[in-house]
Every structure is written in structure tokens, then in C-alpha cells.
Amino acid sequence: MNDRLSNNWFMKWMEESLMPVLARIAQNVYLQSIRDAFSSFALPVILTGALFLIIANPPEGINWAPIHAWAKAVKPIAAQIMIPFQLTFGIMAMMVAFGTAYSLATRWDLDETMTGIISMLAFFITSFPATDVTKVTFGDVLNYLGGQGLFVAIIIGIISAIVVRFFNKSGLVIKMPEGVPPYVVRSFLALVPMFVMIVSAWIVEWIVWANFHITLPQLVLDLFKPLVAASNSYPAALAEIILMMLLWSLGIHGMNVVSSIAYPFWMAQLAANAEAAAKGLPLPGIVTEPFFHVFTHLGGSGTTWPLTIMFLLSASAQLRTIGRAELIPAIFNINEPLIFGAPIVLNPILIIPFILAPAAVVTINYFAFAVNLVPRPLIQLPFTVPVFISGFLSSGGHWQGALLQLVNLIVTAIIYYPFFKMYEAQLLKNEKEVKDQE
């Protein structure tokens, strides 16, 4: 009785006190725009570059003649093959700067393209030393246009959209008379905010260079290094997954809330991995975006693939129906039919394994990557890539990635099974009572 009261009190506190706060975080336009910038603008660039990284670095650990022949063929031209990778990953932050401003402009009914361009130009200026640009080696700047410049890119993207909105709302723009072609009107409307942002970026970069002799992205990265390091730890990964599952248990999209805050840190680690792989060095990052989307959310948030199969084979007609509805979405790691159909949301029986199973998977993942049993995540993929294929590709074409996913599925099945049987027994009893009444 006391346990039930305690659980009721906890659920009530979560629903009334914590849920509104986290819901506001999830709906925050700045955090939503940052997430959209990565998923809509940076991801296609990363995926394209990652293909060339895989081609230039075949999985030689696989003792198979075609793999060895592949490695031998690409070795003499590896540097040339890596050019698209280096230049796509090298402009990741520029795409985020553009995408963040573009997404905010969309929400604020501004000129999305011009706002994105203003942001990208301002970020580009802050990434160069305040010295003779003709003597700057582009390769030295490339890192800060990529993964190491992400934090500045996000900040400038937000500021650019705010500046454009301010000048548009206040009317401090150059307006053209009627009859002028729309593309000319757009250009002149953008002139004042563009001038302000470019001059501001130039002044800030000059001040930073004069005082610290480093660029603004370098300075900000140094300030954020403790947070980036902390985000790459097991406690951080465990706290993130538990928060995700708690939110899902209340009907809030947990991944959206947590990733809105953690995404820049995950991507900084992933970019560091890609950079290390290109140089043939050990990969430093463990807690990356693929750590969750590829190796933890198998079948969807909560690692529910095994639960889908259990539902599909259940003696309960209700669970079988849900299992059939979820089967195809689960292949593409979508499980809303299961979460809201079972339901898992506010279900005291299924919430327990829904939290425990991903926590166990995160623990296994972190250990496997930390001791190098499995190559660390290297490539970000769309979350809809099916299990096993995603593990193989994200680990750079190594079979251990797919094996880790299999181990996680087995462990998850063991955790879910007793709770599934408990819930199934409850539903069977209800179904029998309904049938008897008929």
C-alpha cells in the first residue's frame, strides 16, 4: 500500500511539476531550430562525406579476400578519396550556422535563405585569423568550419536571426518602391542586417585575435571543453537515457527534449571521431548521436524490438493486434504505435522495463566502446536505418557493431519478458471477463 502511494505521489509530481517545465524546453524555438539545423542541413552533408570515409578505410579486420583487395586498391589514392570527406565534414558548422538561422527565420516569418546566408557569412569571418587572409592555410581553418566550430555556429545562427527580425520589425531596412522585382527587394531588405552582422563578426574576431591570438571558435571550444568531456562520460549517458525514458513514460518525446540540449555535444564527439579516423588515430568519442539512435534505440525509444515480437506472439488478442500494427514501423525504429497503443505511457507494469532495458543497453554500449570490444561510433545515419545494417555502417563497416546490437536485443528481451507476461496475464483476464459477459 505504501509503495503504491509512493508511486502515485511520484507520478503526480512528474506530471504536475516536472512535465510542464520539460514540455516548455521541448517547445523552445531556439532548441528546436538547433535540432532542425543538424537533422535537415548538416546530416545530408555528413552522410555524403561518410561514404568516402568508408571507401578510403575498408574494414581490414575482416579476413576476406575482397576486403583485402579493396584496401590494396584504395591505398595509393586514399588522400584523393578523402577530399570529399574532409570538405563535407569540414563545413559541418557552416551548415549548422545556416540551418539554425534558417529554421528560426521560418518560425518568425522572415526571409529564410537570406537570414541563413547572413549567419553563414558571419560565422565564416569569425573562423579566420585577423591577419593577412592570403597567407592563411585553408586546411588550418577547416577544422573550425567543421566540428570544432559547432558552438559558435549555433550562437551566430541564433544572433543572426534575432538581428534580422529586429531590423525588419523596427523598419530599419532599405525598402524599394513598388514594381521592383522581388529578388531585388529581398537583396536590399537584407543589406542593413547583413552589414551589421558582418561588421560585428569582424570586430569580435579582431578583438579575440588581438587578445588571445586564436579565433573565436577556438576560444569558445576551449571554454566548452570541460562540458564536452563531461558529456562523453558514462554518468552523462545514463542520466540522458533515464530522462528520455521518464519523459516518454509521461507521453513526452524524450529524445527530442534531451537531444535539443545534448545534440551539439554528441556531434562534437562524432566530429572528433571522424577527424581521428581520417588521421588513423584512436577514436576519442563514445557518447555520440549514434550511441543512442543506432546502438540504444533498437526498434525505437526504449529498445522495444523484442517487446514487439512478444506482442506479436502473445495469447492476448489486444497485444497481437498492437504487435501487427507495430511490426513494420519497428523495422525503421519507429514505435509510437507500441508506446501509445500498449500503452507504455503511464502503464506502471511496462514503464519499469521501459526504463531498465535502455539503461542496461547504455551500460553495455559504454563498456563495449570504452574497452574497444567494438569500434566506436563513426558515422551518423538516419534513425530509420534497420537494426544490424545501422550497427555495421555506423561502426565504420565492422561486424562488431551489428553483434553489439544483437547482444543488446537479447538482454532487452530478458528484461522485458517477465513484465510482458505479467501484463499479458492481466489483459487475458480482462478479455476472458468480457467474453464471459457476452
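Residues numbered from 1 in each chain as written. Predicted model: local features only at pLDDT ≥ 70, side-chain atom pairs only at ≥ 80, totals over all residues. Heavy atoms only, no water.

- Named according to an unreviewed UniProt entry, the protein is Permease IIC component originating from Thermoanaerobacter siderophilus SR4.
- In its Subcellular location (unreviewed entry) section, UniProt records this for the protein: "Cell membrane".
- If you open the UniProt record of the protein and go to Function (unreviewed entry), you find "The phosphoenolpyruvate-dependent sugar phosphotransferase system (PTS), a major carbohydrate active -transport system, catalyzes the phosphorylation of incoming sugar substrates concomitant with their translocation across the cell membrane." (UniProt positions renumbered as here; feature names shortened; annotations may be inferred.)

### Notes on the overall build of the protein
Then, number 1: A tally of regular secondary structure across the protein gives 19 helices and 0 strands.
Then, number 2: Dimensions of the protein, computed from the C-alpha atoms along their principal axes, are close to 80 × 60 × 45 Å.
Then, number 3: Burial analysis of the protein (438 residues in total) assigns 50% to the buried set.
Then, number 4: Of all intrachain contacts in the protein linking residues separated by at least 6 positions in sequence, the fraction that spans at least 24 positions is 72%.
Then, number 5: Carbon and sulfur atoms provide 69% of the accessible area of the protein, an area that totals close to 20,500 Å².
Then, number 6: Counting 21 positive and 23 negative side-chain charges, the protein places the centres of these two groups 3 Å from one another. (Helix = DSSP H or I, 4+ residues; strand = E, 2+ residues; numbered from the N terminus. Buried < 20%, exposed > 50% of the residue type's maximum accessible area, 1.4 Å probe, protein only. Contact = heavy atoms within 4.5 Å. Areas by Shrake-Rupley, 256 points an atom, 1.4 Å probe, with all protein chains shown as cover. Lys, Arg positive; Asp, Glu negative; His and termini not counted. Charge placed at Lys NZ, Arg CZ, Asp CG, Glu CD.)

### A word on the side chain of T115
Then, number 1: Within the fold, T115 resides in helix α6 (residues 112-126).
Then, number 2: Excluding residues that lie within four positions of it along the chain, T115 makes contacts with A101, A105, L110, S160, A161 and V164.

### With respect to the UniProt feature "transmembrane region" (unreviewed entry) in the protein
Then, number 1: Under the local residue numbering, the UniProt record ascribes the feature "transmembrane region" (unreviewed entry) to residues 37-57, 77-101, 113-130, 150-167, 188-212, 351-371 and 402-420.
Then, number 2: For residues 77-101, the end-to-end C-alpha separation is 38 Å, with 88% helix and 0% strand making up the annotated structure.
Then, number 3: Secondary structure content for residues 150-167 is 100% helix and 0% strand, while the C-alpha to C-alpha distance between its ends is 26 Å.

### Let's talk about the pattern of salt bridges
Then, number 1: Going through the model one piece at a time under the given rule, you end up with 4 salt bridges.
Then, number 2: With a closest N to O distance of 2.7 Å, R186 and D111 form a salt bridge. Remark: D111 occurs in the loop between α5 (92-107) and α6 and R186 occurs in helix α9 (residues 182-212); sequence separation between them is 75 residues.
Then, number 3: A residue is classified by how much of its surface remains accessible, and R186, at 36% relative accessible area, is partly exposed.
Then, number 4: Under the relative-accessibility criterion, D111 is labelled partly exposed at 24%. (Salt bridge = Lys/Arg side-chain N within 4 Å of Asp/Glu carboxyl O.)

### With respect to the domain arrangement of the protein
Then, number 1: Assigned domains within the protein: domain 1 (27-223) and domain 2 (283-436).
Then, number 2: If you average the C-alpha positions of domain 1 and of domain 2, the two centres end up 35 Å apart.
Then, number 3: Contacts between domain 1 and domain 2 engage 9 residues on the former and 11 residues on the latter.
Then, number 4: With both chains or domains summed, domain 1 and domain 2 bury close to 800 Å², and 78% of this area falls on carbon and sulfur atoms.
Then, number 5: When residues of domain 1 are sorted by the area they lose upon contact with domain 2, L47, I54 and P59 head the list and together hold 42% of the total.
Then, number 6: One can count 0 salt bridges joining domain 1 with domain 2.
Then, number 7: Our count for the contact surface shared by domain 1 and domain 2 stands at 0 residue pairs in polar contact (both at pLDDT 80 or more).
Then, number 8: Broken down by class, the residue content of the side of domain 1 that touches domain 2 amounts to 8 nonpolar, 1 polar and no charged. (Domains from an automatic or database assignment. Buried area = accessible area lost by both parts, 1.4 Å probe. Polar contact = N/O pair within 3.5 Å; in protein donor to acceptor, adjacent residues only side chain to side chain. Nonpolar A, V, L, I, M, F, W, Y, C, P; charged D, E, K, R; others polar.)

### Description of the packing of helix α2 (residues 29-56) against α5
Then, number 1: Running from amino to carboxyl end, α2 crosses α5 at an angle of 135°, the nearest separation of the two axes being 7 Å. Considered as vectors, α2 and α5 are oriented oblique to each other. Here α2 runs over α5; the crossing is right-handed. For the pair formed by α2 and α5, the contact residues are V29, Y30, Q32, S33, I34, D36, A37, F38, F41, A42, V45 and I46 on the first element and M92, M95, V96, F98, G99, T100, Y102, S103, L104 and R107 on the second.
Then, number 2: Along the lines of polarity and charge, the residues of the contact of α2 with α5 split into 15 nonpolar, 5 polar and 2 charged. (Axes fitted to C-alpha atoms, helices over the stretch in contact; angles between N-to-C directions. Parallel < 35°, antiparallel > 145°, perpendicular 65-115°, else oblique. Left-handed = near helix turned anticlockwise from the far one by under 90°.)

### Brief notes about the nonpolar core
Then, number 1: F38, F123, W266, F292 and F311 are the most contacted members of the largest nonpolar core, which totals 111 residues.
Then, number 2: Counting residues per element, this core draws most heavily on helix α12 (residues 254-278), at 12 residues.
Then, number 3: Split by domain, this core shows at least three residues from each of two domains, domain 1 (27-223) and domain 2 (283-436).
Then, number 4: Contacts of F123, omitting those with residues within four sequence positions, involve A93, M94, A97, Y144, L145, G149, V152, A153, I156 and P217.
Then, number 5: Core analysis: the next-biggest nonpolar cluster, separate from the first, contains 5 residues, L298, W305, V387 and L409 among them. (Core = buried A, V, L, I, M, F, W, Y, C linked by side-chain atoms within 4.5 Å.)

### Focus: α2
Then, number 1: In this model α2 runs 39 Å from its N-terminal to its C-terminal C-alpha over 28 residues, within 8% of the 40 Å that 1.5 Å per residue would give.
Then, number 2: Sitting at the amino-terminal end of α2 is N28, which places a side-chain oxygen 2.9 Å from the backbone nitrogen of Y30. (Expected span 1.5 Å × (residues − 1).)

### Description of the environment of I328
Then, number 1: Here I328 is to be found in helix α15 (residues 317-331).
Then, number 2: Residue class for I328 comes out exposed when judged on its relative accessible area of 53%.
Then, number 3: Each C-alpha atom of the pair I328 and G299 lies 10.0 Å from the other, and the pair is 29 residues apart in sequence.

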